[in-house]
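Here is how the chains run, residue by residue.
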Amino acid sequence: MPIRDISSLFGILMGNDRLRPYDYQLEVARTLLDGHNIVLSAPTGSGKTWAALLPFVYAWVNGTPLADRLLYCLPLRSLAHSLYESTCKALERVAQRFPDMQIPRVTVQTGARKDDPFLQGEIIFTTIDQVLSSYLLAPLSIPKKLSNINSGALVGSLVVLDEIHLLDGQRALKTSLEMVDRLQHMSQFMCMTATLSQPAQQQLAKMLKAKHVALTPDEVKQLPSHRQKERRYYMHLTPLTGEAVVAAHKNRSIIICNSVGRAQEIFQEITHLLGDSETQIFLLHNRFFAADRERIEAQLDVYFGPQATRGNAILVATQVVEAGLDISADQLHSELAPINSLVQRAGRCARYGGERSRGEVHCYLLPCNRQGQMRLGPYRELGSIVEATRQALLASHGKILSFHDEQQILDAVLATMEREQLQVLERDLMQIQQQIAELQRRADGAGTSEVRNLIRHIDNVSVLLTDDTDAWSPYLDIEYLSLPRVSLWALEPYLQQAGELGARILVEEDPEADTYTWVPAQKSLDLFTAGWLIALHPDIAHYSPTRGLVLGEAGPLVEHPARAVSVYPKPNYVCETWLQHAEAVLGQGKKLLVAHAIGWQRVQESLQLPDSNLPLELALLLHDVGKLSVDWQEHIRFWQSRVDPNNETFLLGEPLAHSTFNWAEHQALQAAFNRRRGPHAVPGAFAVQPLIYDCLLSASWPEEQVEGATACIISAIARHHVASAHSLSPFKLVPEAIMQVQRALALLDIQSPLGSDSLLDSPCPQEQRQFKHYLVSDFKWFPLYWLIVRILRLADQASQIEGREENVG
């Protein structure tokens, strides 16, 4: 039974049928449901999260989704887990009330918790880094060979950019604005802020062709969390110390440091000062394993959450608590930062009504280096803003500041800079677009330096703690730690002492064959050019359940926990013919298309394509034509004859797509088996190029659209194993290849007989050199390629998982 009243749905989600949305939340809902973009300005604790989620859930449960998925993007690497938990609980209330109703699936994908590496949830809590890196074909925390899977997830999505004011104006903000402009006809966007200056809000809404929704001072005063709020600010002219925190502690205290190292230092100092005191002390940052982080968060809810039952607690944290964590303290201590970050942090003080509506915000100078200059850390490029913030807070020392007062300070410190930034970005948008398009044409995505220039200066790397890299495999389903590469400078004094085992870099030699090696890092600079994973020896780094990843200290070896979702599934295959596999992938692809229906429709409309799934279906059916080569079939049949010669499928004598293979049982045999199959993806794309072109023409597609769609299809086929593949090597198809392809096309009711020139093989040297020029390069066609290659790769994976399950059953 559909829920026709959005206000009633809100009450169910909140667990109180009498609760109703605020007027601004209803205005946001109506605007999103009408298909418009939004720039929303509202204070912390005013319900911005549900302003974004409510219309999506409402449309979803009523069977008329406004987007394929909602990507809720938090700034930096904020804690998405608390939003995930609260949203799951709210949706569970709807499921209990309406058991037959389809409820959107909620997932998390951040650098700290990688539960949804391919962005397949329906409500996904993630970070702006994850989304922008996916858009740039360089998604974080997954191997580069898989880097073209996630970009298609953005097409047809509702993308919510939370606390957009925290984005780096020279990097992440410009890439975000280019992405919004580029995908405005294919996706929907909502930008939310609590501390962007008012002139910048209005200018941003104009640039994004979005409706601007902002709460008036009177509307803010009517919010329960703001009716009695009294937050008094202090600016101290000394650095933050554990001693100052302990001296000022009253019931609940939160300390926010600008770096993990400082947070660990302050935590240790407070722990030593309090000794056996009954005061509970917690440390929270992004370098914990998921289970430990969840344990800490659960404890924080008891001591600092809206329904806290205990007090006398101190939390030491980093910027992770600036957004996405619903906690509040009586005393908040923060290192000096730009005013927008400080006001955001202050939102974790006196956040609730009643007896918890009063609090104090203490700001401290930053420690100085040997030259007497403040260590700005992540704000090193915002020195003038940090200094202006210090002066503004000195002028307000000891005063109670309302939301209106905070907004006036924000405007005074930031308005000119933010307005100038947006003007420059608007002026240079075409240039930024060309720069990003060139990265996407390269197909290997943004490199490390480009990620720094287009997302933020700090890019992350996955970390493995081990004393034996030889015992490690990419197929191990373990959880890695993640940290910014810039943090690796702390290891410089220890690397040479530790020798070759101190730090090692994973180098993928042959991505399609999944071969790799480890290279020693002699200095920290080596780690800045590393791939997606580095290994650290316990002599130079260790892990503690209370302190997280600690760099520069020796410690005991720790076992990495198992991860919930594998990026590198163990390659267990069942023997299947080429045609069986083609049909299985086609079936899986059709299922996946349902989850991308809105994106597919909007791409068709944007490119003015016929209303047809034919480009996707051709890619799904013909993706493995390269396996019909003589070398591939000789190799796979030789292997099958050794490991499972009496297999019924093998005895059919038809061309094979996969042979019997069990990773645990056969990996050693495979390593000793000195026969290379050779690549099949790029040869297959070359082979089917004329066939795909003819199929689209026969379906009455205009020739210009046939050329663009063909480029997208063959690019998806060429890159369905390695995202950057383009090199064509010599190959020869088996004689029965044409008959096999003809039988596959019959699954699409394509019955016209194939000629001898329908499939190509034996490419000459010139054809080998020129093939890459036939791959997609036209800027406007990228979204179609992204969707096809995403669905193809996920369908290929799913067909193997389902096939293994059926075989076991």
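Structure: above.
Residues take numbers from 1 onward in each chain, read along the sequence in its written order. Whole-chain, interface and lining totals are the exception, using all residues; otherwise, since this is a predicted model, local features are given only for residues with pLDDT of at least 70 and side-chain atom pairs are given and counted only at 80 or more. Side-chain metrics rest on all non-hydrogen atoms present in the structure, leaving aside hydrogens and water.

**A look at the pattern of salt bridges**
Now for step 1: Throughout this description, the term salt bridge denotes a Lys or Arg side-chain nitrogen within 4 Å of a carboxyl oxygen of Asp or Glu. For the coordinates displayed, the defined rule picks out 19 salt bridges.
Now for step 2: The partner of Arg262 in a salt bridge is Glu335, with the nearest N and O atoms 2.8 Å apart. In this pair, Arg262 is assigned in helix α10 (residues 260-274) and Glu335 in strand β12 (residues 331-335), connecting sequence segments 73 residues apart. For the pair formed by Arg262 and Glu335, the shared burial category is buried.
Now for step 3: Residues participating in the shared-partner salt-bridge network are Arg262, Glu265 and Glu335. Segments assigned H or I by DSSP are reported as helices when at least four residues long, segments assigned E as strands when at least two residues long, and all are numbered from the N terminus. Only protein chains enter the accessibility calculation, which uses a 1.4 Å probe. A residue is then buried if its area is under 20% of the maximum for its type, exposed if over 50%, and partly exposed in between.

**With respect to the sheet that holds strand β5 (residues 158-161)**
Now for step 1: For two strands to be treated as a pair, DSSP must find at least two bridges joining them. Spatially, β3-β4-β2-β5-β6-β1-β7 is the arrangement adopted by the seven strands of the open sheet, whose pairing is parallel. Edge positions in the open sheet fall to β3 (106-109) and β7 (210-214), since each of these has one partner strand only. Averaged over all neighbouring strand pairs, the angle between strand axes comes to 15°, with direction disregarded.
Now for step 2: Sheet topology places strand β2 (residues 70-74) next to strand β4 (residues 123-127); five bridges connect them, and they run parallel. Lines fitted to the C-alpha atoms define the axes, with helices restricted to the stretch that makes contact. Angles between their N-to-C directions range from 0 to 180 degrees.

**Notes on helix α13 (residues 383-395)**
Now for step 1: A helix's residues, less one, multiplied by 1.5 Å, set its expected span. For α13, with 13 residues, the first-to-last C-alpha span of 19 Å sits near the 18 Å given by 1.5 Å per residue.
Now for step 2: Residues of α13 that are buried include every one of Ile385, Val386, Thr389, Arg390, Ala392 and Leu393, and no others.
Now for step 3: A contact between two residues is defined here by any heavy atoms of the two lying within 4.5 Å. For α13, the secondary structure elements touched by its buried residues are β8 (230-239), α12 (339-346), β13 (358-365) and α14 (403-427).

**Quick notes on the environment of Asp34**
Now for step 1: Residue placement: Asp34 occurs in the loop between α2 (23-33) and β1 (37-41).
Now for step 2: It is 25 Å that separates the C-alpha atoms of Asp34 and Gln198, two residues lying 164 residues apart in sequence.

**With respect to the packing of aromatic side chains**
Now for step 1: Planes of paired rings set the category: under 30 degrees apart is stacked, over 60 is edge-to-face and the rest tilted, where pairs are Phe, Tyr or Trp rings (Trp by its six-membered ring) whose centres lie within 6.5 Å. In total, this model carries eleven aromatic pairs according to the counting rule given.
Now for step 2: Taking 6.0 Å as the distance between ring centres and 40° as the angle between the ring planes, the aromatic pair formed by Trp639 and Phe661 counts as tilted. With Trp639 in helix α22 (residues 630-643) and Phe661 in the loop between β22 (656-658) and α24 (663-672), this pair connects stretches of sequence that are 22 residues apart. Phe661 shares its class with Trp639; the two are buried.
Now for step 3: The structure contains a cluster of three or more aromatic residues connected by ring pairs, namely Tyr135, Phe779, Phe782 and Trp786.
Now for step 4: Here, a charge over a ring is recorded when the distance from Lys NZ or Arg CZ to the ring centre is within 6 Å and its angle to the ring normal is within 35 degrees. Sitting over the ring of Phe779, Arg182 keeps its end group 3.7 Å from the ring centre.

**Comments concerning the nonpolar core**
Now for step 1: Buried residues of nine kinds, namely Ala, Val, Leu, Ile, Met, Phe, Trp, Tyr and Cys, make up a nonpolar core once their side-chain atoms join them within 4.5 Å. Ranked by size, the top nonpolar core spans 115 residues in total, and within it Leu618, Leu622, Val741 and Leu784 carry the most contacts.
Now for step 2: Looking at this core element by element, the count peaks at eleven residues for helix α29 (residues 782-808).
Now for step 3: With near-sequence residues (within four places) excluded, Leu784 lies in contact with Trp600, Val603, Leu607, Leu609, Ala709 and Cys712.
Now for step 4: Counting 63 residues, the second-largest nonpolar core is a separate cluster that includes Ala337, Ala346, Leu483 and Leu549.

**Comments concerning the pairing of strand β18 (residues 533-536)**
Now for step 1: The side-chain alternation of β18 yields two buried faces, one formed by Leu533 and Ala535 and the other by Ile534 and Leu536.
Now for step 2: The pairing of strand β14 (residues 460-465) with β18 spans four bridges and is classified as parallel. Note that in β18 the partner of Val463 across the bridge is Ile534.

**Observations concerning the pairing of strand β6 (residues 188-193)**
Now for step 1: By the criterion of burial, β6 is predominantly enclosed, with six of the six residues buried.
Now for step 2: The alternating pattern of β6 places Gln188, Met190 and Met192 and Phe189, Cys191 and Thr193 on opposite faces, both of which are buried.
Now for step 3: Pairing between β1 and β6: four bridges, direction parallel. By the bridge assignment for β6, Val39 is matched with Cys191.
Now for step 4: Think of it like this: strands point away, you trace from the first strand over the helix to the second, and a clockwise trace means the crossover is right-handed. Crossover β5 to β6 through helix α6 (residues 172-182) is right-handed.

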